[in-house]
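Analysis of the macromolecular model
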Amino acid sequence: MDPIFQAFFGNGFAFGPGVHFQRHTFHTGGPRFQQRQRQGDEQQQDNTVGMLQSLFPIILLLLFTFVNFPGGGESHSPNYALARDPKHPVKRTTAQSGVPYFVRQGFDRELSARYGEGALEELEAKVEMELHGKLVKECNADKSAATKAASRARAKGDASSFAEAQKTPASCEKLYTYFGDMY
């Protein structure tokens, strides 16, 4: 119990190597005080250097995490895309729902070498989740817009515009095609 009491009420509070708050008493400035003050200043400089040394690995980690190094762009690019682009020209479809997605050249070789077995199933599940989320948002937005258009058409008495607004939006059709068993 005594060490805990000392930590809080004794010589000060310690927060890790080199970081602490110390209780000070004031002196009038004799030779002993000047010697202790010089020693305190030296100790404070040592503590600052020690603190910087202990923070150095954290600073490096943050640097490597947030800085994009030249030549590293290819390894950080996504493994797939939902639409064909220059980096993802090869079309594939998921085994479960038949969702189309696009991958880089040499995808099969890279996937098995880098991630091992089961990686394809995980990737395809991620593809399906991403497309599902995207289509749900689009479908809800299109339904909202269609409801407003139907209300305007009904208010104007425009039967053809009302019938057009009642049609299922294309994004919802796509959602039901790939994920109809969920609805």
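Here is what the cut-offs are and how they apply
Residues numbered from 1 in each chain as written. Predicted model: local features only at pLDDT ≥ 70, side-chain atom pairs only at ≥ 80, totals over all residues. Heavy atoms only, no water. Disulfide = S-S within 2.5 Å. Helix = DSSP H or I, 4+ residues; strand = E, 2+ residues; numbered from the N terminus. Buried < 20%, exposed > 50% of the residue type's maximum accessible area, 1.4 Å probe, protein only. Phe/Tyr/Trp six-rings, centres within 6.5 Å; stacked < 30°, edge-to-face > 60°. Salt bridge = Lys/Arg side-chain N within 4 Å of Asp/Glu carboxyl O. Expected span 1.5 Å × (residues − 1). Contact = heavy atoms within 4.5 Å. pLDDT = per-residue confidence, 0-100.

Attention shifts here to the state of the cysteines. Tallying each qualifying case throughout the model produces one disulfide. Note on cysteine connectivity: Cys139 is disulfide-linked to Cys172, with sulfurs 1.9 Å apart. Taking the sign of the torsion about the S-S bond as the criterion, the disulfide between Cys139 and Cys172, at about 100°, is right-handed. Here Cys139 is found in helix H5 (residues 119–156), whereas its partner Cys172 is found in helix H7 (residues 170–179), with 33 residues between them in sequence. Take Cys139 and Cys172: they sit in the same class, and that class is buried.

Scanning the model with the defined rule gives two aromatic pairs in all. Aromatic pair Tyr80 and Tyr101: ring centres 6.4 Å apart, planes at 90°, arrangement edge-to-face. Taken together, the residues span a long stretch of sequence, with Tyr80 in strand S3 (residues 80–81) and Tyr101 in strand S5 (residues 100–103) at a distance of 21 residues. Assigned by exposure class, Tyr80 and Tyr101 land together as buried. Aromatic side chains Tyr178 and Phe179 sit 6.4 Å apart centroid to centroid with 65° between the ring planes, which places their arrangement in the edge-to-face category. The exposure class assigned to Phe179 is buried, which follows from its relative accessible area of 4%.

With that settled, the discussion passes to the environment of Pro86. With respect to the helices and strands, the residue Pro86 is situated in the loop between S3 and strand S4 (90–93). A relative accessible area of 82% means that Pro86 is categorised as exposed. Linking Pro86 and Val103, residues 17 residues apart in sequence, is a C-alpha distance of 10.0 Å.

Attention now moves to the pattern of salt bridges. This model, assessed by the stated rule, comprises three salt bridges. Close ionic contact of Asp108 with Arg92 constitutes a salt bridge, the shortest N to O distance being 2.7 Å. Here Asp108, found in helix H4 (residues 107–115), pairs with Arg92, found in strand S4; they are 16 residues apart in sequence, far enough to count as distant. Here Glu110 makes a salt bridge to Arg104, at a shortest N to O gap of 2.6 Å.

This part takes up H5. Over its 38 residues, H5 extends 55 Å from the first C-alpha to the last, a length consistent with the 56 Å expected when each residue adds 1.5 Å. Residues Ala119, Leu123, Glu124, Val127, Glu128, Leu131, His132, Leu135, Cys139, Ala146, Ala150 and Ala153 constitute the buried set of H5. Looking at the buried positions of H5, the neighbouring elements they touch are S3, S4, S5, H4, helix H6 (159–165) and H7.

Let us now look at the confidence of the model for the protein chain. Of the residues in the protein chain, 67% have a pLDDT of 70 or more, and the chain-wide mean is 77. In the predicted structure, residues 68–77 sits below a pLDDT of 50 and forms five contacts with residues beyond four places in sequence or in another chain.

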